[in-house]
Amino acid sequence: MVYVLDSDGKPLMPTQRHGKVRHMIHDGRAKVVKRTPFTIRLTYEPETHCVQDVTLGVDAGAKNIGLSATTETKELFSAEVEVRQDVPSGMTERRTKRSARRNRKTRHRAPRFDNRRRPKGWLTPTMEAKVRAHGNVIDNVCSILPVSRIVVEVASFDIQKIKNPAIEGVGYQQGEQLGYENVKAYVKARDGFRCRSCASHDHLEVHHIIRRKDGGSNRPDNLVTLCHDCHMLWHDGSFIQLHDHSDASFRAMSEMSTMRWFLIDKMRREYPDKEVVQTYGYVTNWKRNRLGLQKRHATDARVISNHGSAMPLHSLYRIRRTRCHNRKIHKDTILKGGIRKANQAQRKIAGFALNDFVKYGGQLCYIHGRRSSGYFDIRKPDGTRVHAGIHYRNITLVERASNNIIWKEEVAVPPSGQA
């Protein structure tokens, strides 16, 4: 599928006539503006603008996003997006370093009153990054296709009902921590005031099973009672066995329940000329089962677009979101004389930057790491290492970096009703 823009940059219907596209580029009637997905821009004004109604289905998610742009009879674009999961660890690291810096440099300063207010519509950095990721990939699709309607699947989860299906009435208001001073007191009482590893009753502490840095929460399901000795063994890397522990995570469910309205409102503000509607997971599930389709994010997105029976593409784009820039200025290790080594290398070395797509030995790779000497760590789009230290003279630049690592993947997508 070749995506086409008019001379003003407005999207037209895509084409699969590759021969004609090659002739147009050769004759100067079109120029390539994007390699992946392959997009051309006309250099002349076409006589007619033949545009059909295109619906974009969005399978929103905390970890993966499904996208599918369809007409009534045909799928025009299909993609699956991996959303960044490293934001919580980055925020934890930043908070730790800022606290240490204040302790080193301003110990004499009295704590000031925290009078800052969060603005209306504030989201946590994690959810803000995920809402921004949804908006970015939707913008990319709308920039190459004449989308007239956006359908977003949202979700609302009842966490208490999932944990306890029998809960009802006043149980919702009281909760499981009623009568306890704080979460730590509840966790210790829940565990019988004993270590969940050695059953000791002395020097009890509350431990996070999944660290906050790795995305763990302060919910009781992620906390466990340990004695001081077992707690130290755990953090030293020694194996200790926990008894009768359930660490089911509802983080993704909580995020989707919170960010759904922010996402819908964002789409309606940014696309006033498009119809933005929402649907729900149980509707998608019923339609997919009725059509006999296999479950995957891109397929769900096609069903969400309300054109589940449209002819599907037999390839999709895989997109992995990456951070735009590492803002850490210095490395953690302090050299002799109190010198801190710079953490940030040059943005470009020999004309190449991080995440640039290059060709090496007939393979399409991206630059995962670089050295000032001009040797690069190159990998395939799926993360497989191709060469740990290839010189820049042996690679060829294909496409400049962006915050999306995108590549095409061939998939065996059966027609609807034959899954």
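Refer to the structure presented above.
Quick look at the structure, then. (Residues numbered from 1 in each chain as written. Predicted model: local features only at pLDDT ≥ 70, side-chain atom pairs only at ≥ 80, totals over all residues. Heavy atoms only, no water.)

Overview of the overall build of the protein
If you tally the helices and strands in the protein, you get 10 helices and 19 strands. Across the 419 residues that make up the protein, the buried fraction comes to 39%. (Helix = DSSP H or I, 4+ residues; strand = E, 2+ residues; numbered from the N terminus. Buried < 20%, exposed > 50% of the residue type's maximum accessible area, 1.4 Å probe, protein only.)

With respect to the nonpolar core
Of all hydrophobic cores here, the largest spans 41 residues; its most connected members are Leu67, Phe77, Ile138, Leu145 and Ile150. For this core, the elements supplying multiple residues, two or more each, are strand E4 (54–59), strand E5 (64–70), strand E6 (75–82), helix H3 (125–142), strand E7 (147–154), helix H8 (251–270) and strand E11 (315–321). Looking at which element gives the most residues to this core, the answer is H3, with 7 residues. Those residues within four positions of isoleucine 150 in sequence are excluded, and the remaining contacts are Leu56, Val58, Ile138, Cys142, Tyr271, Lys274, Glu275, Val276 and Val277. Formed by 9 residues, the second largest nonpolar core is a distinct cluster that contains Val358, Cys365, Phe376 and Ile395. (Core = buried A, V, L, I, M, F, W, Y, C linked by side-chain atoms within 4.5 Å. Contact = heavy atoms within 4.5 Å.)

Focus on the packing of aromatic side chains
Inspection of the entire model under this criterion finds 5 aromatic pairs. Between phenylalanine 77 and tyrosine 317 the ring centres are 5.6 Å apart and the planes differ by 20 degrees, which places this aromatic pair in the stacked class. Here phenylalanine 77 is found in strand E6, whereas its partner tyrosine 317 is found in strand E11, with 240 residues between them in sequence. Aromatic ring contacts, followed pair by pair, group Tyr3, Phe77 and Tyr317 into a single cluster. The ring of tryptophan 122 carries the charged tip of arginine 118 above its face, separated from the ring centre by 4.0 Å. (Phe/Tyr/Trp six-rings, centres within 6.5 Å; stacked < 30°, edge-to-face > 60°. Lys NZ or Arg CZ within 6 Å of the ring centre and 35° of its normal.)

Regarding H8
Taking 1.5 Å of rise per residue, 20 residues should cover 28 Å, and H8 covers 28 Å from first to last C-alpha, within 8% of that figure. Roughly 40 degrees is the biggest bend found in H8, and it falls at methionine 259. Those residues of H8 lying buried are Glu255, Met256, Met259, Arg260, Leu263, Ile264, Lys266 and Met267. (Expected span 1.5 Å × (residues − 1). Bend = angle between axes of the 7 residues up to and from the residue.)

Some details on the sheet that holds strand E16 (residues 375–379)
Pairing in this open sheet of 5 strands is antiparallel, and the strands run E17-E16-E15-E14-E18 from one edge to the other. The sheet is open, and its two borders are formed by strand E17 (385–391) and strand E18 (396–399), each paired with just one other strand. On average, adjacent strands in this sheet sit at an angle of 45 degrees to one another, irrespective of strand direction. With 4 bridges connecting them, strand E14 (residues 357–360) and strand E15 (residues 363–370) associate as antiparallel partners. Across the sheet, residue valine 358 finds its bridge partner in E15, namely cysteine 365. (Pairing = 2+ DSSP bridges. Axes fitted to C-alpha atoms, helices over the stretch in contact; angles between N-to-C directions.)

Details of the pairing of E15
The side chains of a regular strand alternate between the sheet's two faces. Connecting E14 to the next strand, E15, in antiparallel fashion are 2 residues, including glycine 361 with a positive phi near 60 degrees. Of the strand pairs in this sheet, E15 and E16 are connected by 4 bridges, and their pairing is antiparallel. Paired with tyrosine 366 across the bridge in E16 is arginine 379. Where E15 folds back onto E16 in an antiparallel hairpin, the turn is made up of 4 residues, including glycine 374, whose phi is positive at roughly 95 degrees.

These values are about where atoms sit, not about what they do.
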